[in-house]
Amino acid sequence: MMKLYARPASPFVRKVRVAAIETGVIEKIEIVIAQTPEDSHRAVSQFNPLSKIPVLVLDDGTPLYDSRVICEYIDSMHERTKLFPRDGFAKWRVLCLQALGDGIGDAAALLGGEIARPDNLRSDGAIARQWAKVSAATEVLENDMAQLDGVINIGQIAVACALGYADFRLTTHLWREGRPKLAAWIAAFNERPAMKATYFPRPK
Ligand SMILES: N[C@@H](CCC(=O)N[C@@H](CS)C(=O)NCC(=O)O)C(=O)O
């Protein structure tokens, strides 16, 4: 079995898990979930000098990171419809959509972290900068929903996992306002069994 090093509420881990479920490769993966950042560091720093999850350790011990590389590796291991289009311009569009989705995830994580800092250390400028990224990215999607059309691909998965993470992480900055089409799209996408199987609720 390959081993996927994970944390419970990471959009990037979720992306890998959704890709693995959608392609059937999940059967070959054991998921190792660290409950604290310290446990995660202990588990993955030997495999990834950046000490970030997800890391996929192959059967021969080779570690792969980050989520983009892992998802593309997973996509090489099955014969179903490919999540990464192989050729033509569709490939670049899907990779760019993945980058947009991952960027929303990065910005939501930084935004959540900044909001959680003590009053005297929190930077309104940093909050505004990260929120502007989430807001602009969701606006670009809202204004051209055709980007999300077509058979399931890694770009759609990245966007869905990032928006799910924003729902989980942010209580004061809500991306759904003014984004009704994107909200409807994710409601439908969330019905996929792979999204349901990897859902994590907002903490009480
Ligand atoms: N670009 C990376 C991002 C991974 C990432 O940001 N992981 C976070 C958790 S969501 C992490 O492990 N952070 C711990 C740290 O930075 O020390 C990917 O796509 O996998």
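The structure presented is a predicted model; accordingly, all values stated were derived computationally and were not measured.

Parameters at a glance
Residues numbered from 1 in each chain as written. Predicted model: local features only at pLDDT ≥ 70, side-chain atom pairs only at ≥ 80, totals over all residues. Helix = DSSP H or I, 4+ residues; strand = E, 2+ residues; numbered from the N terminus. Rg over C-alpha atoms; globule rule 2.2 N^0.38 Å. Contact = placed C-beta atoms within 7 Å. Core = buried A, V, L, I, M, F, W, Y, C linked by C-beta atoms within 7 Å. Buried ≥ 20, exposed ≤ 12 C-beta atoms within 10 Å, placed from the backbone. Axes fitted to C-alpha atoms, helices over the stretch in contact; angles between N-to-C directions. Parallel < 35°, antiparallel > 145°, perpendicular 65-115°, else oblique. Nonpolar A, V, L, I, M, F, W, Y, C, P; charged D, E, K, R; others polar.

Novice: How would you sum up the overall build of the protein? Please name residues and give values.
Specialist: Helix and strand counts for the protein stand at eight helices and four strands. By the compact-globule yardstick of 17 Å for 204 residues, the protein fits well, its C-alpha radius of gyration being 17 Å. Projected onto its principal axes, the C-alpha coordinates of the protein cover approximately 50 × 40 × 30 Å. Put simply, 71% of the contacts in the protein that link residues at least 6 apart link residues at least 24 apart.

Novice: Residues and numbers for the nonpolar core, please.
Specialist: Ala19, Ala108 and Ala162 are the most contacted members of the largest nonpolar core, which totals 49 residues. In this structure, Ala19 is in contact with Cys71, Ile74, Leu83, Ile154 and Ile157, ignoring residues within four places of it in sequence.

Novice: Outline the environment of Ile21, supporting the account with residue identities and numerical values.
Specialist: Mapping Ile21 onto the fold places it in helix α1 (residues 11-23). Given 19 C-beta atoms within a 10 Å radius, Ile21 is considered partly exposed. Each C-alpha atom of the pair Ile21 and Ala6 lies 15 Å from the other, and the pair is 15 residues apart in sequence. When neighbours within four sequence positions are excluded, Ile21 is seen to be in contact with Ile26, Ala194 and Ala197.

Novice: Just give me the short version of unusual backbone geometry, but keep the residues and values in it.
Specialist: In this model, Ile53 is joined to Pro54 through a cis peptide bond whose omega is 5°. Looking at the element boundaries, Pro54 is found in the loop between α2 (37-44) and β3 (55-57). Along the chain, Tyr65 connects to Asp66 via a cis peptide bond; the corresponding omega equals 0°. Assignment of secondary structure puts Asp66 in the loop between β4 (63-64) and α3 (67-75). In this model, Ser51 sits at a positive phi of 55°, which is unusual for a non-glycine residue. Checked against the element boundaries, Ser51 lands in the loop between α2 and β3.

Novice: Pulling in residues and values, what's your account of the packing of α1 against α3?
Specialist: At their nearest, the axes of α1 and α3 sit 9 Å apart, and the two run at 5° to each other. On the basis of their axis angle, the class for α1 and α3 is roughly parallel. Note on element contacts: α3 touches α1 through Ser67, Ile70, Cys71, Ile74 and Asp75, opposite Phe12, Lys15, Val16, Ala19, Ala20 and Thr23. When its residues are assigned to classes, the contact of α1 with α3 shows seven nonpolar, two polar and two charged.

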